[in-house]
Amino acid sequence: MALTIRNRTLPLPIVQGGMGIGVSLEKLAGTVASCGGMGTLSAAFCGFAEPDFAENSREANLRALRRQIRSAKEIAKGAGLVAVNVMVAAAQYADSVRTALRAGADAIVCGAGLPRDLPALAAEVSESDAAIVPVVSGGRSAGVICRLWDRHYQRVPDFVILEGPLAGGHLGFSPEDAREAQAGRPKPLSSLLVEVLEVLKPFREKYGRDIPVFVAGGVKNGHEMRQYMEQGAAGAQFATRFIATEECDASIGFKQALLDAKPEDVTIVQSPVGMPGRAIRSPLIERVEEGRQEKIQRCNRCLAACDYKTAPYCISKALIAAVEGDWENGLFFCGANAGEVRAMSTVQEQMDQIMNEWRTAP
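Since we're looking at a predicted model, the values are computed, not measured. (Residues numbered from 1 in each chain as written. Predicted model: local features only at pLDDT ≥ 70, side-chain atom pairs only at ≥ 80, totals over all residues. Heavy atoms only, no water.)

1. Things to note about the packing of helix H5 (residues 139-153) against helix H7 (residues 189-207)
Moving on, step 1. Following both chains from N to C, one finds H5 and H7 inclined at 20 degrees, their axes separated by 7 Å at the closest point. With respect to H7, the axis of H5 lies roughly parallel. Here H5 and H7 pass one another in a crossing that is left-handed. Packed against H5, whose contacting residues are Gly139, Ala142, Gly143, Cys146, Arg147 and Asp150, the element H7 presents Glu195, Val196, Val199, Leu200, Phe203, Lys206 and Tyr207 at the interface.
Moving on, step 2. For the contact of H5 with H7, the per-class residue count stands at seven nonpolar, two polar and four charged. (Axes fitted to C-alpha atoms, helices over the stretch in contact; angles between N-to-C directions. Helix = DSSP H or I, 4+ residues; strand = E, 2+ residues; numbered from the N terminus. Parallel < 35°, antiparallel > 145°, perpendicular 65-115°, else oblique. Left-handed = near helix turned anticlockwise from the far one by under 90°. Contact = heavy atoms within 4.5 Å. Nonpolar A, V, L, I, M, F, W, Y, C, P; charged D, E, K, R; others polar.)

Next comes the structure, spelled out in structure tokens:
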């Protein structure tokens, strides 16, 4: 069952997805890793709680990221792996990758855009041998990344996260595909997995090694994880189910919003990142839909492509409000199965449940 990823051992086939802003930091990621999985910190504005964040957000983010990675690895005690999720769309993308590598992250996972230059950034930090990992939405994006990395850097991904249209947060699908998925007509994750495995095959042969694929987005339990593994996946990534745990770094207000959510409360929103996203319907979303959301007064330039003059709301401000439990002003990202989370638990209980379901799957 254990996987070898760039000379590191991952005991269990479970990846905890990165959730920002501030939902998956050192406590959650470190605890998942201590249980034998891969815990993932989110680099997105991770310094929001630093005392100088308002005046010096860039330095605050990088300082916090260094500390959080080291703390997560101390919590993990070498049992599993600690990864960092960095959005390609973030203005601090390159600096966050370099900082995470120097701080000792075991893997760098990049989504919200194609990480074309990730191998070059990794090569800058010679003391790191971290895995580099793209998040892809299907065979097309997986093929683009592999061809680019192979041609320009003579390197391919150490593993791949295949994120289907039922995932939480930002989605690598069109708004139409995202709404179809929300209406119960998603592109099957199993068919996307077949696409990706087929695209990766020649690169596996060329480099003489495996390129594991972890499926994500709507994977409900260990039973489903096992089904995907029988199709060729190495394991699965889970995120939303880890929010309602004692170790999750979000406030109790965020956790309660998830526990209170019904299936019909989960909706598709348009993010200033330029991608659709999935979140719990909240007063903020209603104000945006009705054209009542106030204009952005101050911009931290957290996103490379965001124009605060035309953006419908400030995503960093909304995500910080959410992680702090501000129901009126928060953007509460979640997966499609958020309405099924009904009770608080611990990371260990979640990990045990997934693996017990995996073992007992028919």
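2. Examining the pairing of strand S8 (residues 160-163)
Moving on, step 1. The alternating pattern of S8 places Val160 and Leu162 on one face and Ile161 and Glu163 on the opposite face, and all of these are buried.
Moving on, step 2. Direction of pairing for strand S7 (residues 131-136) relative to S8: parallel, over a ladder of two bridges. Bridging from a neighbouring strand, Val135 pairs with Ile161 of S8.
Moving on, step 3. Handedness of the crossover joining S7 and S8 through H5: right-handed.
Moving on, step 4. Note: S8 against strand S10 (residues 213-216), four bridges, orientation parallel. (Buried < 20%, exposed > 50% of the residue type's maximum accessible area, 1.4 Å probe, protein only. Pairing = 2+ DSSP bridges. Right-handed = clockwise from strand over helix to strand, strands pointing away.)

3. Points about the pattern of salt bridges
Moving on, step 1. Tallied over the full model, the rule gives 16 salt bridges.
Moving on, step 2. Note that Asp106 and Arg8 form a salt bridge whose closest N and O atoms lie 3.0 Å from each other. Remark: Arg8 occurs in strand S2 (residues 8-10) and Asp106 occurs in the loop between helix H3 (93-102) and strand S6 (107-111); sequence separation between them is 98 residues.
Moving on, step 3. Looking at Asp106, the relative accessible area reads 8%, which means it is buried.
Moving on, step 4. Across the pair Arg155 and Asp158 runs a salt bridge, and its minimum N-O distance is 3.0 Å. (Salt bridge = Lys/Arg side-chain N within 4 Å of Asp/Glu carboxyl O.)

4. Some thoughts on the side chain of Asn221
Moving on, step 1. Tracing the backbone through its elements, the reader meets Asn221 in the loop between S10 and helix H8 (222-230).
Moving on, step 2. At 3.1 Å, the side chain of Asn221 forms a polar contact with the backbone nitrogen of His223.
Moving on, step 3. In this structure the side chain of Asn221 is engaged in a polar contact, spanning 2.9 Å, whose partner is the backbone nitrogen of Glu224.
Moving on, step 4. Sequence-distant contacts of Asn221, that is, excluding residues within four places in its chain, are made with Phe238, Arg241 and Glu357. (Polar contact = N/O pair within 3.5 Å; in protein donor to acceptor, adjacent residues only side chain to side chain.)

5. Remarks on the nonpolar core
Moving on, step 1. With 107 residues, the main nonpolar core has Val84, Val97, Ile108, Leu162, Val215 and Leu331 as its most contacted residues.
Moving on, step 2. For this core, the leading source of residues is H7, giving seven residues.
Moving on, step 3. Setting aside anything within four residues of it in sequence, one finds Leu331 in contact with Val269, Ala279, Leu284, Ile285, Tyr313, Ile315, Ala318, Leu319 and Ala322.
Moving on, step 4. Residues Leu3, Leu81, Phe159 and Ile161 belong to the second largest nonpolar core, which totals 17 residues. (Core = buried A, V, L, I, M, F, W, Y, C linked by side-chain atoms within 4.5 Å.)

6. Focus: H5
Moving on, step 1. Along its 15 residues, H5 runs 20 Å from first to last C-alpha, staying within 8% of the 21 Å computed at 1.5 Å per residue.
Moving on, step 2. Among the residues of H5, Gly139, Ser141, Ala142, Gly143, Ile145, Cys146, Leu148, Trp149 and Asp150 are the ones counted as buried.
Moving on, step 3. Packing partners of the buried residues in H5 comprise helix H4 (118-124), S7 and H7.
Moving on, step 4. Gln154 sits one or two positions beyond H5 and adopts a positive phi of about 50 degrees. (Expected span 1.5 Å × (residues − 1).)

7. Looking at the packing of H8 against helix H12 (residues 347-360)
Moving on, step 1. At a minimum axis distance of 7 Å, the contact between H8 and H12 shows a crossing angle of 55 degrees. Our classification of the angle between H8 and H12 gives oblique. The element H8 and its partner H12 pack so that their crossing is right-handed. Where H8 approaches H12, its residues Gly222, His223, Met225, Arg226 and Met229 are matched on the opposing element by Ile354, Met355, Glu357, Trp358, Arg359 and Thr360.
Moving on, step 2. Looking at the contact of H8 with H12 residue by residue, the class counts come to five nonpolar, three polar and three charged.

8. Some points on unusual backbone geometry
Moving on, step 1. The residue after Gly20, namely Ile21, is reached through a cis peptide bond having omega 5 degrees.
Moving on, step 2. Along the chain, Ile21 falls in the loop between strand S3 (14-16) and helix H1 (26-34).
Moving on, step 3. Unlike most non-glycine residues, Gln154 shows phi in positive territory, near 50 degrees.
Moving on, step 4. With respect to the helices and strands, Gln154 occurs in the loop between H5 and S8.

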